[in-house]
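Notes for the structure review
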Amino acid sequence: MSLWRRASPSRGAARRVGVGAGVVHASAAQPPLQAAAAHAHSRAAPADPLTATPPSLDAASLAVAAAFARAAGAAYAADDDAAAARVAPDGFALAGAGENWFTRWVVLDSEPGPGKGGAPRRRVIAIRGVVWGREGPLDGWRLGRSLARAWPGPLLAAGGGGCSPALPIPGVRAHAGAADLAGELWHHLRGAVRSAPADAEVTLVGHSLGGALALLTAAAAAGGRERPLGVTQFGAPPVLAAD
């Protein structure tokens, strides 16, 4: 059962920084994520992910990655207040949270930075990895059996919840058990994805299994022609490959 709920905006005061010449420094203007992203986002260029050489990260890009890492950590927080406290310094407010039998997630929103070159508005959905033995709805035996289904299988395109059957995405294969988990997770996350402001960049982040589910969920959403979703993973196992 999904325990999705909306959360009231965080009331904590955020530490604010700015970015100049690729170096993060103290200011009174923007939260770290917005300031750093404004710098990194303005220089981003499209690239083929299969052939491109990974770019070196400057201070601004590392600041964005660090903010996403803290967002991923917020999914492990003991409660909503603790999750909100982890991400408030980066300019995020907790917009919602939920959990089911195999994971927990938090929905985080940030406002756009000022000016034409300011950081984009963001919605980040952070997905937790496995926490064995933790109190809550985790069904460890069932999850273990899902993860043991490691043979390659189809990844189904995200559906809208209607009567039409989900179709396999051509050209890709996925970890069979994890793909099934991602398909179930999408039904919980699609409301948060579709309700994001039209001008917001929506990113799925996660650590370990949470990162794997982020990738599979975003790929399934792309196959279902949902809005584009970014993905940032930390220590995630490989679960998706070209067929």
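Below: a short report on this structure.

Conventions used here
- Residues numbered from 1 in each chain as written.
- Predicted model: local features only at pLDDT ≥ 70, side-chain atom pairs only at ≥ 80, totals over all residues.
- Heavy atoms only, no water.
- Salt bridge = Lys/Arg side-chain N within 4 Å of Asp/Glu carboxyl O.
- Helix = DSSP H or I, 4+ residues; strand = E, 2+ residues; numbered from the N terminus.
- Buried < 20%, exposed > 50% of the residue type's maximum accessible area, 1.4 Å probe, protein only.
- Phe/Tyr/Trp six-rings, centres within 6.5 Å; stacked < 30°, edge-to-face > 60°.
- Lys NZ or Arg CZ within 6 Å of the ring centre and 35° of its normal.

The next subject is the pattern of salt bridges. The final tally for this structure, using the stated rule, is eight salt bridges. For R70, the salt bridge is made with D90, and the minimal N-O distance between the two is 2.8 Å. Of the two residues, R70 sits in helix α2 (residues 59-74) while D90 sits in the loop between α3 (80-87) and β4 (93-99), which places them 20 residues apart along the sequence. Note that R149 and D180 form a salt bridge whose closest N and O atoms lie 2.9 Å from each other. Here R149 is found in the loop between α4 (140-148) and β7 (152-153), whereas its partner D180 is found in helix α5 (residues 176-194), with 31 residues between them in sequence. On the accessibility criterion, D180 (45% relative accessible area) is partly exposed. Taken together, the shared-partner salt bridges connect E111, R121 and D199 into one network.

Our next topic: the packing of aromatic side chains. For the structure on display, the rule yields one aromatic pair. Aromatic pair W101 and F102: ring centres 4.9 Å apart, planes at 80°, arrangement edge-to-face. We note that W101, like F102, is buried. Looking at R142, its charged tip hangs above the ring of W101, at a distance of 3.8 Å from the centre.

As far as function goes, none of this settles anything; it's purely spatial.
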